[in-house]
Amino acid sequence: MSSNAPTPLIAVVDYGAGNLRSVAKALEDLDFRVLVTDEAADLNKADGVVFPGQGIAGPCMVRLRSAGMDSALQDLIARDTPFFGVCLGQQLLFERTEEGDAECLGILPGECIRFSHDLTVPHMGWNDVTFTRDHPAVVNIPPNYQFYFVHSYHVRPASEDMNLGITDYGGPFASVVARDKLIATQFHPEKSGRPGLALYRDFFNWAI
């Protein structure tokens, strides 16, 4: 992003899945302009999109489809619009989820599965993320920093080439995926302190 460019507008997708205000506040604190919207047409006005979420996959997909948000999200990602998915907003990018055996957006190949080990589910609290390759969004993340998770399901990409971050909870899972100008995290950057905010900042400053 050029230093002379106007302040980017980031659209935060509202599909009734909660946690919108904390995401919007984090982006505002980073000096982005923010539009929280449940209107598909608004996404085309934005320089970048954040797709957050806390909720149940099936009802959230129903709401996305009824608002035309499903096709709008598919189209903007196909156009390489900078896109950041968070938590359920990561899971719904894949083809299907075991949560209610729901069909998802199908933007990324793979599925979302429930933890099958004997550890406490949901996985809640701070945990490590090991970044597996270089990416502009993670250059300012300090080593051994932990991020904040709350989830019972996790994604299983069809190809490990999409993996950017791996976390261990009863076994390794993909906690960050990235492709082109798309990045998505299972953890909540807005609840993860300065390194979490750095992910938002560095991703959009690079991608826009």
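Reading the values: the criteria
- Residues numbered from 1 in each chain as written.
- Predicted model: local features only at pLDDT ≥ 70, side-chain atom pairs only at ≥ 80, totals over all residues.
- Heavy atoms only, no water.
- Buried < 20%, exposed > 50% of the residue type's maximum accessible area, 1.4 Å probe, protein only.
- Helix = DSSP H or I, 4+ residues; strand = E, 2+ residues; numbered from the N terminus.
- Pairing = 2+ DSSP bridges.
- Disulfide = S-S within 2.5 Å.
- Salt bridge = Lys/Arg side-chain N within 4 Å of Asp/Glu carboxyl O.
- Contact = heavy atoms within 4.5 Å.
- Axes fitted to C-alpha atoms, helices over the stretch in contact; angles between N-to-C directions.

Looking at this structure, how should I read the pairing of strand E11 (residues 153–157)?
A regular strand carries its side chains on alternate faces of the sheet. Counted residue by residue, E11 has 4 buried out of 5 residues, so it is predominantly covered. In terms of strand pairing, strand E7 (residues 110–114) meets E11 through 5 bridges, oriented antiparallel. If you follow Arg-114 over to E11, its bridge partner there is Tyr-153.

Please clarify how unusual backbone geometry should be interpreted in this entry.
For residues besides glycine, phi is generally negative; the peptide bonds are generally trans as well. In this structure, the amide linkage connecting Val-121 to the following residue, Pro-122, adopts the cis form with an omega of 15°. Structurally, the position occupied by Pro-122 is in the loop between E7 and strand E8 (123–128). For Asp-101, which is not glycine, the phi torsion reads 50° and is therefore positive. Within the fold, Asp-101 resides in the loop between strand E5 (96–97) and strand E6 (102–103). The backbone of Asp-180 shows a phi angle near 55°, a positive value even though the residue is not glycine. In this structure, Asp-180 sits in the loop between strand E13 (172–179) and strand E14 (182–185). Its relative accessible area of 55% is what places Asp-180 among the exposed residues.

Can you walk me through the state of the cysteines in this structure?
A covalent bond between the sulfur atoms of two cysteines is referred to as a disulfide. Enumeration according to the criterion identifies 0 disulfides in this entry. Cys-87 takes part in no disulfide bond, and the closest cysteine sulfur to it belongs to Cys-112, at a distance of 9.4 Å. Just so you know, Cys-104 is unpaired, no disulfide at all, and the nearest cysteine sulfur is the one on Cys-112, 7.0 Å from it.

Teacher, can you tell me more about the pattern of salt bridges here?
A side chain with one charge may pair with a side chain of the opposite charge, provided their charged atoms come close. Counting across every chain of the model gives 7 salt bridges. With a shortest N-O distance of 3.0 Å, Lys-45 and Asp-42 are connected by a salt bridge. The class for Asp-42 is buried, based on a relative accessible area of 13%. With a closest N to O distance of 2.9 Å, Arg-201 and Asp-202 form a salt bridge. Accessibility expressed as a relative area gives 31% for Arg-201, which makes it partly exposed. Among the charged side chains, a salt-bridge network with shared partners connects Arg-96, Asp-101, Glu-111 and Arg-156.

Even after reading the chapter, I still don't get the sheet that holds E7, so can you show me in this structure?
The 4 strands lie next to each other as E6-E5-E7-E11, forming an open sheet whose pairing is mixed. Two strands lie at the open edges of the sheet, namely E6 and E11, each paired on one side alone.

What's the story with the environment of Val-129 in this structure? I'm lost.
In this fold, Val-129 is placed in the loop between E8 and strand E9 (130–131). Owing to a relative accessible area of 10%, Val-129 belongs among the buried residues under this scheme. Each C-alpha atom of the pair Val-129 and Ile-141 lies 10 Å from the other, and the pair is 12 residues apart in sequence.

Whenever I open this one, the pairing of E14 confuses me. Can you help?
Residue alternation in E14 divides its side chains into two sets, Leu-182 and Ala-184 and Ile-183 and Thr-185, and both sets are buried. By the bridge criterion, 4 bridges tie strand E4 (residues 83–86) to E14 in an arrangement that is parallel. In the strand pairing of E14, Val-86 is matched with Thr-185. Strand direction decides the pairing type here: E13 and E14, joined by 4 bridges, are antiparallel. Each bridged residue has a counterpart across the sheet, and for Ala-178 the counterpart in E14 is Ile-183. Between E13 and E14, which follow one another and run antiparallel, lie 2 residues, and Asp-180 among them has a positive phi close to 55°.

Would you explain the sheet that holds strand E3 (residues 48–51) in this entry?
What holds strands together in a sheet is hydrogen bonding between their backbones, with the strands either parallel or antiparallel. Taking strand neighbours across the sheet as the criterion, the 8 strands line up as E2-E1-E3-E4-E14-E13-E12-E9 in an open arrangement whose pairing is mixed. Only two strands of the sheet have a single neighbouring strand rather than two, namely strand E2 (33–37) and E9. Its contacts with the sheet put helix H4 (residues 69–78) on strand E1 (9–13), E2, E3, E4, E13 and E14, and the angle it makes with E4 is roughly 130°.

These results come straight from atomic positions and should not be treated as a statement about function.
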